[in-house]
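Residue-level structural notes
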Amino acid sequence: MVTEDPPAPLLQMQGIVKTFPGARALDGVDLDVLPGEVHCLLGQNGAGKSTLIKVLAGAHQPTDGTILMDGEPIDIPHPVAALEHGVATMYQELDVVDGLTVAENIFLGHELATGGFTRRRELVRRTREILARLGHSEISPNREVSSLPAAGKQVVSMARALSHDARVIVMDEPSAVLDSGEVDNLFRVVEELTNQGIAIIYISHRLEEIRRIGDRITVLKDGKTVGRNLRVADTPTDELIRLMTGRDVEFVFPDSPGVAEDAPVLLDVDGLALDGTFHDVSFRVRSGEIVGLAGLVGSGRSEIIETVYGARRASRGTVTVSGKKLRPGDVPAAVDAGIGLCPEERKSQGLVLDEPVYRNITLSSFASLARAGWLDEPAEKKAATVQIEALDLRPRDAGRAARTLSGGNQQKALLARWLVHGCEVLLLDEPTRGVDVGARSEIYALIRRLADAGNAVVVISSEIPEVLGLADNVLVVSDGEVVHRCPAKDINEHGVLDLVMEGSVA
Amino acid sequence: MNTQTSAPPAEEHASRSSWLRGSAGRNLGLVLALALICVVGVITGGERFADWGNILTILRLAAVLGVVSIGMTFVITSGGIDLSVGSVLGLATVWATTLATQTMADSFHWIVIVFTALAVGTAAGLINGAIIAYGKVVAFIATLAMMAGARGLAEIISDRQTQRVQSNEFTAFFRADFLGVPVLVWMFVVVAIAGWFLLNRTTFGRRTVAIGGNAEAARLAGIKVKRHTVYIYGLAGLTAGIAAVGMLGRTTAGTSTNGFLLELDAIAAVVVGGTLLAGGRGTIFGTVLGVLIFTTLTNVFVMNNMSSSAQLVAKGLIIVVAVLLQQRFANKPSSTT
Ligand SMILES: Nc1ncnc2c1ncn2[C@@H]1O[C@H](COP(=O)(O)OP(=O)(O)OP(=O)(O)O)[C@@H](O)[C@H]1O
Ligand SMILES: [Mg+2]
């Protein structure tokens, strides 16, 4: 797509600086984007990627620096101005309004209206068009967004970006909640857009995606540009990782010592069912074992482990932890029995955003650290700080609000919660979503260490290689049913996908 | 785990400067507002305003509203609302002064009156909480129902008559001074201090803030959200009961009209004080300042013989200005969602 003699840049950001009270998120970043290219923005968690695109979207005001469109300096004082200049943005954190319908969400802020009355029929028609283009004609424009799963919400957010006549579309980790089929859809749309000359700024921590659709790469580190306009084709992955992290990262899954036959069963799920979602799910996890749940988004994996945890009340079946049977729908009892859950949606299910990081980390354990109901904040801070260091959570400031952490660091804070609390059975729903390459291998190592220390771990991931690489045993879930179970080394990505497809046909 | 470069030094200041911009800044604004009202009081009232006796009068008046507002602070911090505290206070004063209660108090001890008021308040609060948490009725509606029901019950019990406290010991106790300060004011001070510790230093307070900030996250972290919700409304009911005792101590009159519209004053004081109406952040200190601002304002107006209508206008203005100022001072997170 990029010709030998590159055309004039469509969008340029020069020397962008953004300071927050006490933090310099961007420290002179340059970015130039050509028409019709997919420009990838890479960097570790907290490098400043989201901040940069929020500046471009008019959500943040830059402290310094200029933005040029077609070589003309422009001002983006608010989000509407960005849209007027042809920049549409899909934010990293889902930003759909739950109470509105799909169509209303897509045209939020630029409703089709005459004299204050919405033109409902046209609204629905245009929504259908856009959804069809995204390969999702099955989503009804009149459906309330709150009833969609995370992936569906992501589609709506994508559709919203498409509904503007944009010249630049920014996508901040759009693939994080999508499975491989959805990602294919996304890439097809991206290709269509770039063929029309629309430029895409694409942020992702999955380097293989960048290989597939990227044209050029800009790498950020600690708020500075450390790699400019690298051609995807000419830049080896090691080089990218070194630029991002400043070191070499071993990219292998930790070895499993194997699960002993006589290891005690810590988690025993028997005939568990949740009407309308999944039925008759049974599995056991032994001490030292990692079980992976593979399957498509929406196959019921998250619902299964949320039900095991008691966050949803099972219709039938039993969950037994270390020989103790749990009461259905009773989270505190599950936590007392030694289960921990890192939920899928960290913002709505995981964090109290306005509370400091350390209190988020000790949200499950402040009561046990307290003495007779009196909080022991020094002990909380100390326990949190230990995990902050162990997980390399940045910035290393336990006192700042969780809201100000970058996405990947918020994920680490959630993991830290259960490390502080200490539990025998750990349920992890997408533990590496939004986590950068460097931290990712650390999290893999950590999960393995937890298992080796005698814990039982259940992992869900939309990235099949991750499940296969990490787990000892894999359950393939499709349409609310476990369709296959086997040791992870006996199956490959294709095998899983075949099983999933079969399951959905049946 | 590995040797990373340490965080840039600039981040050291993050918590300190946001603290300045946050709670301290807000409270500073409230203190300034209170000072301003006092200056107006001194200019218009002179000696009469700046008199120890008058200050004690203000504080005595502040006591009833103040105690209720402390309970309300917990409710609002948890993301809820309690419209029933005024009616519950009325019901508690009536129930504590019925013939039956007073006869019992006569033959036993006046403390029976106190316990009756506390029990009535707490019970009403627990019912609120149970309906909200287990009945899944929104707080606004559940407490609105209690507001109507408690007031009605108070009217039935008292037959709309004023019931006087007969026990002289009771009256003597609450009209007395302790170290030169009325017992009523001590009551407010003790409740406020206890409330501060409860909110900031105990697991109860931490749960309250967590539930108000993100109830789902709190639930998934293993906090017993429903049970805690019941406790919070029970606490609000308890403070209404304590305030009812204070009210009886001040006026000796148990009537069904006691505490009429008190819930609105309490909500106003709490919100002006800086507690987020949406939940997740609460400040006892701010609530105390909010209560003092409104009570002092009333005092200044009464002293200048200004109509209660003018007071209402001024109250409205203060609420708006205070909330606008708060938004200035508050370090609003600059996020897009
Ligand atoms: N509102 C804010 N107040 C203070 N600091 C902030 C705020 N928003 C972001 N930061 C800080 O700015 C830095 C960059 O954050 P940003 O969200 O841009 O990272 P990112 O590159 O998108 O990371 P990720 O891959 O984890 O999403 C981080 O150190 C973050 O803590
Ligand atoms: Mg980001």
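Residues numbered from 1 in each chain as written. Chains lettered and ligands numbered in written order. Predicted model: local features only at pLDDT ≥ 70, side-chain atom pairs only at ≥ 80, totals over all residues. Heavy atoms only, no water.

Put simply, the rule is: UniProt positions are given in the numbering used here, feature names are shortened, and annotations may be inferred rather than shown by experiment.
Looking up chain B in an unreviewed UniProt entry gives the name Ribose transport system permease protein, with the organism given as Isoptericola halotolerans. The UniProt entry for chain B carries the following text under Subcellular location (unreviewed entry): "Cell membrane".

With an unreviewed UniProt entry as reference, chain A is termed Ribose transport system ATP-binding protein, source organism Isoptericola halotolerans.

1. Quick word on the overall build of chain A
To keep things clear, this is the line we draw: By definition, any uninterrupted DSSP run of H or I lasting at least four residues is a helix, any uninterrupted run of E lasting at least two residues is a strand, and each is numbered from the N terminus. Within these notes, the globule rule equals 2.2 Å times the number of residues to the 0.38 power, and the radius of gyration is based on C-alpha atoms. Each residue is assigned to one of three classes by its accessible area relative to the maximum for its type, calculated with a 1.4 Å probe on protein chains only: buried under 20%, partly exposed between the two thresholds, exposed over 50%. We call two residues contacting when some pair of their heavy atoms lies within 4.5 Å. Here the open area of atoms and residues is found with the Shrake-Rupley method and a 1.4 Å probe, where only the protein chains shown may cover a residue. Think of it this way: Lys and Arg go in the positive column, Asp and Glu in the negative one, and His and the chain ends go nowhere. Where a charge lies is defined by one atom per residue type: Lys uses NZ, Arg uses CZ, Asp uses CG and Glu uses CD.
Tallying secondary structure elements over chain A gives 18 helices and 22 strands in all. Against the 2.2 N^0.38 benchmark of 23 Å for 506 residues, chain A shows a C-alpha radius of gyration of 23 Å, consistent with a compact globule. Judged by the C-alpha coordinates and their principal axes, chain A covers about 70 × 50 × 45 Å. Counting the 506 residues in chain A, one finds 58% classified as buried. Excluding contacts between residues fewer than 6 apart, the proportion of contacts in chain A whose partners are at least 24 apart in sequence is 69%. Summed over its atoms, the accessible surface of chain A is roughly 19,800 Å², and 49% of this surface lies on carbon and sulfur atoms. Between the averaged position of the 53 positive side-chain charges in chain A and that of its 74 negative side-chain charges there is a distance of 4 Å.

2. Regarding the overall build of chain B
Per the secondary structure count, chain B includes 14 helices and 4 strands. Evaluated residue by residue, chain B yields a buried proportion of 53% over its 337 residues. Long-range contacts, defined as pairs at least 24 residues apart, comprise 80% of the intrachain contacts of chain B with a sequence gap of at least 6. By element, 68% of the accessible surface of chain B is carried by carbon and sulfur atoms, the whole surface being about 15,400 Å².

3. Some thoughts on the interface of chain A and chain B
Keep this limit in mind: Throughout, the accessible surface (probe 1.4 Å) given up by two parts as they are put together, summed over both, is called the buried area. Any Lys or Arg side-chain nitrogen located within 4 Å of an Asp or Glu carboxyl oxygen qualifies as a salt bridge. What qualifies as a polar contact is a pair of N or O atoms within 3.5 Å, subject to a donor-acceptor requirement within protein and to the restriction that residues adjacent in sequence count only when both atoms come from side chains.
The interface of chain A with chain B comprises 50 residues on the first partner and 36 residues on the second. Ranking the residues of chain A by area buried against chain B places A:Phe366, A:Trp374 and A:Leu375 at the top, with a combined share of 13%. Taken together, chain A and chain B are joined by 2 salt bridges. For A:Glu380, the salt bridge is made with B:Arg206, and the minimal N-O distance between the two is 2.8 Å. The tally of links between chain A and chain B comes to 9 residue pairs in polar contact (both at pLDDT 80 or more). Elements represented by at least two residues in the side of chain A that touches chain B include exactly helix H10 (331-337), helix H11 (346-350), helix H13 (366-369), helix H14 (377-390), helix H15 (407-421) and helix H16 (437-452) of chain A.

4. Quick look at the site of ligand 1
So the rule is basically this: What makes a residue near a molecule or strand is one non-hydrogen atom of that residue sitting within 4 Å of it. All residues other than Ala, Val, Leu, Ile, Met, Phe, Trp, Tyr, Cys, Pro, Asp, Glu, Lys and Arg, Gly among them, are scored as polar; the first ten of these are nonpolar and the last four charged.
The environment of ligand 1 is made up of 20 residues, and the closest members are A:Lys49, A:Ser50, A:Thr51, A:Thr404 and A:Ser406. Looking at the residues close to ligand 1, they fall on chains A and B. Residue A:Gly48 places a main-chain N or O atom 2.9 Å away from an oxygen atom belonging to ligand 1. A distance of 3.5 Å separates an oxygen atom of ligand 1 from a polar side-chain atom of A:Glu173. Protein chains bury 90% of the 640 Å² of accessible surface belonging to ligand 1 in isolation. Of all the secondary-structure elements, those providing two or more residues to the shell around ligand 1 are helix H1 (49-56) and H15 of chain A. At 3 residues, H1(A) tops the list of elements feeding residues into the shell around ligand 1. Taken together, the residues of the shell around ligand 1 sort by class into 4 nonpolar, 13 polar and 3 charged.

5. Notes on the sheet that holds strand E20 (residues 456-460) of chain A
Through backbone hydrogen bonds, the strands of a sheet pair up, either in parallel or in antiparallel fashion. All names here are of chain A. Counted only if it meets this: When DSSP finds at least two bridges between two strands, those strands are taken to pair. Lines are fitted to the C-alpha atoms to define the axes, a helix being fitted only along its stretch in contact, and any angle between axes, read from their N-to-C directions, falls within 0 to 180 degrees.
The strand order across the open sheet formed by 6 strands is E18-E19-E20-E15-E21-E22, and the pairing between neighbours is mixed. Looking at the sheet topology across the chains shown, the edges are occupied by strand E18 (339-342) and strand E22 (481-487). When strand polarity is set aside, the average angle formed by the axes of neighbouring strands in this sheet is 15°. One ladder, built from 4 bridges, connects strand E15 (residues 290-294) with strand E21 (residues 473-478); its direction is parallel. Residue pairing for E21: Gly 292 is matched across the bridge by Val 474. H15 contacts E18 and strand E19 (425-429) of the sheet and is inclined by roughly 175° relative to E18.

6. Focus: the packing of helix H7 (residues 168-175) of chain B against helix H11 (residues 225-251) of chain B
Residue and element names in this part refer to chain B. Rules: Throughout this description, any angle smaller than 35 degrees is read as roughly parallel, any larger than 145 degrees as roughly antiparallel, any in the 65 to 115 degree range as roughly perpendicular, and the remainder as oblique.
Contact pair H7 / H11: the axes reach a minimum separation of 8 Å and the direction vectors enclose 100°. Accordingly, the angle class assigned to the pair H7 and H11 is roughly perpendicular. Residues Phe 170, Phe 174 and Arg 175 of H7 touch H11, and the partners they reach there are Val 245, Leu 248, Gly 249, Arg 250 and Thr 251. Among the residues making up the contact of H7 with H11, the classes are represented as 4 nonpolar, 2 polar and 2 charged.

7. Regarding the packing of aromatic side chains
The test is simple: Between 30 and 60 degrees the pair is tilted, below 30 it is stacked and above 60 it is edge-to-face, where a pair is any two Phe, Tyr or Trp rings, Trp via its six-membered ring, whose centres lie within 6.5 Å. Only when the NZ atom of a Lys or the CZ atom of an Arg is both within 6 Å of the ring centre and within 35 degrees of the ring normal do we say a charge sits over the ring.
The tally for this structure, following the rule as stated, stands at 12 aromatic pairs over all chains. Ring centres of B:Phe173 and B:Phe174 lie 5.1 Å apart, and the angle between their planes is 80°; this geometry places the pair in the edge-to-face category. We classify B:Phe173 as partly exposed; its relative accessible area is 40%. Looking at B:Phe174, the relative accessible area reads 9%, which means it is buried. One aromatic cluster is present, built from ring pairs that chain together B:Trp110, B:Phe170, B:Phe173 and B:Phe174. The positively charged end of B:Arg206 is found above the aromatic ring belonging to A:Phe366, 5.3 Å away from the centroid.

8. Quick look at the environment of A:Ile361
All names here are of chain A. Inspection of the secondary structure puts Ile 361 in helix H12 (residues 357-361). When the C-alpha atoms of Ile 361 and Gly 300 are compared, they prove to be 27 Å apart, with 61 residues separating the residues in sequence. For Ile 361, the residues in contact, after removing those within four places along its chain, are Ala 384, Ile 388, Ala 413, Ala 416, Arg 417 and Val 420.

9. Some remarks on the packing of helix H3 (residues 85-95) of chain B against H11(B)
All names here are of chain B. Note the following rule: Helix crossings get a hand from a simple test, with the near helix turned counterclockwise from the far one by less than a right angle marking a left-handed crossing and a clockwise turn marking a right-handed one.
For the pair H3 and H11, the least separation of the axes is 8 Å and the interaxial angle reads 50°. As judged from the angle between their axes, H3 and H11 are oblique. Along this stretch, H3 crosses H11, giving a crossing that reads as right-handed. For the pair H3 and H11, contact is made by Val 85, Val 88, Leu 89, Ala 92 and Thr 93 and by Ala 236, Ala 240, Ala 243, Ala 244, Met 247 and Leu 248, respectively.

10. Concerning the nonpolar core
Put simply, the test is: In plain words, nonpolar cores are sets of buried Ala, Val, Leu, Ile, Met, Phe, Trp, Tyr and Cys residues tied together by side-chain atoms within 4.5 Å.
Counting 84 residues, the largest nonpolar core has B:Phe74, B:Leu89, B:Phe170, B:Phe174 and B:Phe188 as its most contacted members. At 12 residues, helix H2 (residues 52-77) of chain B tops the list of elements feeding residues into this core. Ignoring anything within four residues of it in the chain, the contact list for B:Phe188 reads B:Ala62, B:Ala63, B:Gly66, B:Val67, B:Val288 and B:Val291. The next biggest cluster of nonpolar side chains, apart from the first, holds 83 residues, and it includes A:Val291, A:Leu341, A:Trp418 and A:Ile491.

11. Here's the deal with the sheet that holds strand E17 (residues 324-325) of chain A
All names here are of chain A. Taking strand neighbours across the sheet as the criterion, the 4 strands line up as E14-E13-E16-E17 in an open arrangement whose pairing is antiparallel. Each edge of the sheet is formed by a strand with only one pairing partner; in this case those strands are strand E14 (278-286) and E17. Pairing analysis gives 2 bridges linking strand E16 (residues 316-321) to E17, with the strands arranged antiparallel. Bridging across to E17, Val 321 finds its partner in Lys 324.

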